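Here is what each chain is made of, one letter per residue.
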Amino acid sequence: MNLTEHLPADWRAELAPFLDEAATAALSEFVTAEYAEQTVYPPLEDLFTAYRLCSPEQTRVLILGQDPYHGAGQAHGLSFSVRDGVRVPPSLRNVFKELAEDVNIAPPKSGNLTGWAEQGVLLLNAVLTVRATKAASHANKGWETFTDATIRALNERNERVVFLLWGNYAKKKAVLVTNPVHAVIEAGHPSPMNPAGFLGSRPFSAANKALADGGRPVVNWDPRGTV
């Protein structure tokens, strides 16, 4: 499996200048073997959901997660998001709590964030695959370079992108955003294990202000759409 061949054509073109061919081939070989020999999440057909739902031209906001949920039926290719009918994970519950406090949107019953992705919110994990029940099992296998290339490609665009970086891991990616047209908004990770730094950070209103200031449409942060 050649990973880049599974990307939408527009993203493939955008990432090409930032990807090393040999490193991408090694990552492709690793990922192919893992899907063949192990239970891996998300399902292969959902691997590039974030890219499929949100083209480079549409991308207005990037929310960076670390790696996919490793429980059965949770991960579907969007950071922090879970499928309809799956219990909302603790970090996402805090995201929804902040959503209510920040922009007065009642917490949705579903943790499916497809509605954000369809509006140009790129819900990207730094590592795009994981073995079942083994968090971070695919870290340091090459995905980080691949997703860093995504950030670098967006940095080259001249329409504002707002980068929401939550937690120390995500904050390290701020150095990749060097184009002054863009905006970086940092906060603590929404995990309940992080007692401070996310709740009260008001990232959704801050992102919309940055979008408006940059002449781009704001996001309707209700993942259920207009209600």
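The model shown is predicted, which means the values in this text are computed figures rather than measured ones.

A.B. asks: In this structure, what is going on with the overall build of the chain? I would like to understand it.
C.D. replies: Assigned secondary structure in the chain consists of 9 helices and 6 strands. The C-alpha radius of gyration computed for the chain amounts to 17 Å, which stays within 12% of the reference 17 Å derived for 227 residues, consistent with globular compactness. Seen through its principal axes, the chain has C-alpha atoms that stretch 45 × 40 × 30 Å. Residues counted as buried form 52% of the 227 residues belonging to the chain. Sequence separation of at least 24 residues holds for 69% of the intrachain contacts in the chain that already meet a minimum separation of 6. Total accessible area on the chain stands at roughly 10200 Å², and carbon and sulfur atoms take up 50% of it. Within the chain, the 24 negative side-chain charges are centred at a point lying 8 Å from the centre of the 21 positive side-chain charges.

A.B. asks: Help me out: how do you make sense of the UniProt feature "domain: Uracil-DNA glycosylase-like" (unreviewed entry) in the chain in this one?
C.D. replies: Under the UniProt annotation, "domain: Uracil-DNA glycosylase-like" (unreviewed entry) lies at residues 52–211. Strand forms 14% of residues 52–211 and helix 29%; the C-alpha atoms that close the span are 22 Å apart.

A.B. asks: For this particular structure, what's the right way to read the sheet that holds strand β2 (residues 61–65)?
C.D. replies: Neighbouring strands of a sheet are bound in pairs by backbone hydrogen bonds; such pairs are parallel or else antiparallel. Read from one edge to the other, the open sheet built from 4 strands follows the order β3-β2-β5-β6, with strand pairing classed as parallel. The sheet is open, and its two edges are formed by β3 (121–125) and β6 (183–187), each paired on a single side. For this sheet the average axis-to-axis angle between neighbouring strands, irrespective of direction, equals 20°. Across 4 bridges, the pairing between β2 and strand β5 (residues 162–166) is parallel. By the bridge assignment, L64 is partnered in β5 with L165. The sheet strands contacting helix α7 (residues 143–156) are β2, β3 and β5, and the helix crosses β3 at an angle near 150°.

A.B. asks: How should unusual backbone geometry be read in this particular structure?
C.D. replies: Comment: phi is negative for the bulk of residues other than glycine, and the bulk of peptide bonds are trans. Each neighbour pair has its own omega, and for Y41 with P42 the value is -5°, a cis peptide bond. Looking at the secondary structure, you find P42 in the loop between β1 (40–41) and α4 (49–53). Of note, the phi angle at A136 is positive, near 65°, even though the residue is not glycine. Checked against the element boundaries, A136 lands in the loop between β4 (130–131) and α7. Judged by its relative accessible area of 43%, A136 falls in the partly exposed class.

Rules of the game
- Residues numbered from 1 in each chain as written.
- Predicted model: local features only at pLDDT ≥ 70, side-chain atom pairs only at ≥ 80, totals over all residues.
- Heavy atoms only, no water.
- Helix = DSSP H or I, 4+ residues; strand = E, 2+ residues; numbered from the N terminus.
- Rg over C-alpha atoms; globule rule 2.2 N^0.38 Å.
- Buried < 20%, exposed > 50% of the residue type's maximum accessible area, 1.4 Å probe, protein only.
- Contact = heavy atoms within 4.5 Å.
- Areas by Shrake-Rupley, 256 points an atom, 1.4 Å probe, with all protein chains shown as cover.
- Lys, Arg positive; Asp, Glu negative; His and termini not counted.
- Charge placed at Lys NZ, Arg CZ, Asp CG, Glu CD.
- UniProt positions renumbered as here; feature names shortened; annotations may be inferred.
- Pairing = 2+ DSSP bridges.
- Axes fitted to C-alpha atoms, helices over the stretch in contact; angles between N-to-C directions.

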